Amino acid sequence: MRIGLVGLGKIARDQHLPAIASTDGAELFAVASRNAGTADLPCFPDLTTMLRDGPAIDAVSLCQPPQARYDAAREALLAGKHVFMEKPPGVTVSEVQALTTLATERGVTLFASWHSRYAAGVAAARAWLAERALQRISISWKEDVRHWHPGQTWIWQPGGFGVFDPGINALSILTEIVAEPLRAIAATLETPSNCQAPSAARLTMATASGKPVEAEFDFLQTGPQTWDIVVETDRGSLTLGHGGNNLIIDGVERPNGAEEEYPAMYRHFVRLIAERRSDVDLAPLQLVADAFLCGRNLAVAEFHE
Ligand code: NAP
């Protein structure tokens, strides 16, 4: 699979380039970047130019912020390319549904990736929970935006998700490990008065059968950072810590597998293409959209980086 990558920013350099390099059956052939480039690959100023003038490719990896995702994904799908989308897969639910329909019509693979679902403890947590009766879940996802997202002004703009940019990772794990559908019931969204996206949010959710799920997201957390999900069941409790990478069951830490979310996602992408399938799960994005639909809005102090 010959890949062209779009958006050579933080996640592309940190994760996609090494992951593609380590994936059997995948190779990076070209890059489209408005500002950057790599010395050893053909680089183009945008996707259109890469598709028109670049080497033949089979697939496109979209690593830009979500506001740029739809137009790029549509262009790539129309060109008959398989598409790997960074999370979140779009700004709105409807635009991702439109892309899914287009991928089906074109007979190509669309992969809406959720990297946190590939964290080392998630599969074991799902299997453990499948054999128990869920009682409640609480999520605490608190990180310092200044440390983890320096200079990323898009995150505070419409469609940038604010604290839901990391928070949706928690929701992607939640919707992976809980077998039932989840629904949003209420939310409080705290938005800095000079921004368009929240810096903190509290969500009250429930499983379809009524088990409570609470989530607290904070983007201005200094000191200890937390990416934890605590699950209580009829037969014990489980904590997924460190973004799904540490698994503690009834107080006992389980051995972790290697942290290899992105290599696992590229292996999955290669498999999807071979099997002529797409993988687009909208559940995490739908919960965020629903939080905006049912949420109370509070204006809070301006945010300045
Ligand atoms: P970033 O470094 O700020 O941006 C990625 C690249 O996208 C930029 O370098 C730029 O590439 C292009 N870009 C930026 N703004 C654009 C715009 N308005 N229109 C078109 N292209 C634009 O962001 P990032 O941290 O890599 O995040 C990108 C995506 O990956 C987000 O959806 C994020 O949620 C997801 N993600 C990020 C992380 C992380 O740790 N940062 C982890 C997992 C997933 P060029 O200059 O090359 O055009």
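Structural data are supplied above this passage.
Rules used throughout
Residues numbered from 1 in each chain as written. Predicted model: local features only at pLDDT ≥ 70, side-chain atom pairs only at ≥ 80, totals over all residues. Heavy atoms only, no water. Core = buried A, V, L, I, M, F, W, Y, C linked by side-chain atoms within 4.5 Å. Buried < 20%, exposed > 50% of the residue type's maximum accessible area, 1.4 Å probe, protein only. Helix = DSSP H or I, 4+ residues; strand = E, 2+ residues; numbered from the N terminus. Contact = heavy atoms within 4.5 Å. Expected span 1.5 Å × (residues − 1). Phe/Tyr/Trp six-rings, centres within 6.5 Å; stacked < 30°, edge-to-face > 60°. Pairing = 2+ DSSP bridges. Axes fitted to C-alpha atoms, helices over the stretch in contact; angles between N-to-C directions.

*Asks:* What should I look at first to understand the nonpolar core in this one?
*Replies:* Generally speaking, nonpolar side chains in soluble globular proteins are found buried as a group. Core analysis: the biggest nonpolar cluster contains 71 residues, and Phe164 and Phe217 have the highest contact counts within it. In terms of residues, this core owes the most to one element, helix H7 (residues 164-177), which gives 7 residues. Among residues more than four places away in sequence, those in contact with Phe217 are Ile139, Trp141, Val163, Phe164, Gly167, Ala170, Leu171, Ser199, Ala200, Ala201 and Leu203. Membership of the second largest hydrophobic core comes to 19 residues, among which are Leu5, Ala12, Ile20 and Phe111.

*Asks:* Would you mind going over H7 with me for this structure?
*Replies:* Because each turn of an α-helix spans 3.6 residues, side chains separated by three or four positions end up pointing in the same direction. Its 14 residues give H7 an end-to-end C-alpha distance of 19 Å, which sits within 8% of 20 Å, the value for a rise of 1.5 Å per residue. Counting buried residues along H7, 13 of its 14 residues qualify, which places the element largely inside the surrounding structure.

*Asks:* When you look at the packing of aromatic side chains in this model, what are you seeing that I'm missing?
*Replies:* The geometry of an aromatic ring pair comes down to the distance between the two centres and the angle between the two planes. Inspection of the entire model under this criterion finds 9 aromatic pairs. Ring centres of Trp148 and Trp227 lie 5.6 Å apart, and the angle between their planes is 75°; on these two criteria the pair is classed as edge-to-face. One end of the pair, Trp148, is in helix H6 (residues 145-148); the other, Trp227, is in strand S11 (residues 226-233), with 79 residues separating them in the sequence. Between the aromatic rings of Trp156 and Phe219, the centroid separation amounts to 5.7 Å while the plane-to-plane angle is 50°, which identifies the pairing as tilted. Taken together, the residues span a long stretch of sequence, with Trp156 in the loop between H6 and H7 and Phe219 in the loop between strand S10 (212-218) and S11 at a distance of 63 residues. Overall, Trp156 belongs to the buried group, its relative accessible area being 10%. The buried category is assigned to Phe219, whose relative accessible area is 0%. Taken together, the ring pairs in this structure connect Phe84, Phe111, Tyr266 and Phe269 into an aromatic cluster.

*Asks:* How do you make sense of the sheet that holds strand S7 (residues 134-142) when you look at a structure like this?
*Replies:* Think of a sheet as strands paired side by side through backbone hydrogen bonds, with each pair either parallel or antiparallel. Taken in spatial order, the 9 strands make up an open sheet running S14-S13-S12-S11-S7-S10-S9-S8-S15, and their pairing is mixed. Bordering the open sheet on either side are strand S14 (252-253) and strand S15 (295-300), each of which pairs with just one other strand. Sheet strands touched by H7: S7, strand S8 (182-192), strand S9 (200-207), S10, S11 and strand S12 (236-241). Its angle to S7, the strand with the most contacts, is close to 160°. Sitting on the sheet, helix H9 (residues 283-294) is in contact with S8, S9 and S15, with an inclination near 65° to S8.

*Asks:* Got a minute to help me understand the sheet that holds strand S5 (residues 82-85) in this structure?
*Replies:* The strand order across the open sheet formed by 6 strands is S3-S2-S1-S4-S5-S6, and the pairing between neighbours is parallel. Lying at the two open borders of the sheet, with one neighbouring strand each, are strand S3 (43-44) and strand S6 (110-112). Judged from the 4 bridges that link them, strand S4 (residues 59-62) and S5 form a sheet pairing that is parallel. Bridge pairing in S5 links Val60 to Val83. The sheet contacts of helix H3 (residues 69-78) involve S4 and S5, and relative to S5 the element is tilted by about 160°.

*Asks:* Sorry if this is basic, but what is going on with the environment of Cys195 here?
*Replies:* Positionally, Cys195 belongs in the loop between S8 and S9. Overall, Cys195 belongs to the buried group, its relative accessible area being 9%. Taking the C-alpha atoms as reference points, Cys195 and His115, separated by 80 residues in sequence, lie 27 Å from one another. Apart from residues lying up to four places away in sequence, Cys195 is in contact with Trp156 and Phe303.

*Asks:* Could you clarify how one ought to interpret unusual backbone geometry in this entry?
*Replies:* Residues apart from glycine generally show negative phi values, whereas peptide bonds are mostly found in trans. Residues Lys87 and Pro88 are joined by a peptide bond in cis, for which omega reads -20°. Among the structural elements, Pro88 can be located in the loop between S5 and helix H4 (93-106). Positive phi values are uncommon outside glycine, yet Asp250 reaches one of about 50°. Position of Asp250 among the secondary structure elements: in the loop between strand S13 (246-249) and S14. Phi angles above zero are rare outside glycine, and Arg276 is one such case at about 55°. By the secondary structure assignment, Arg276 is in the loop between helix H8 (261-274) and H9.

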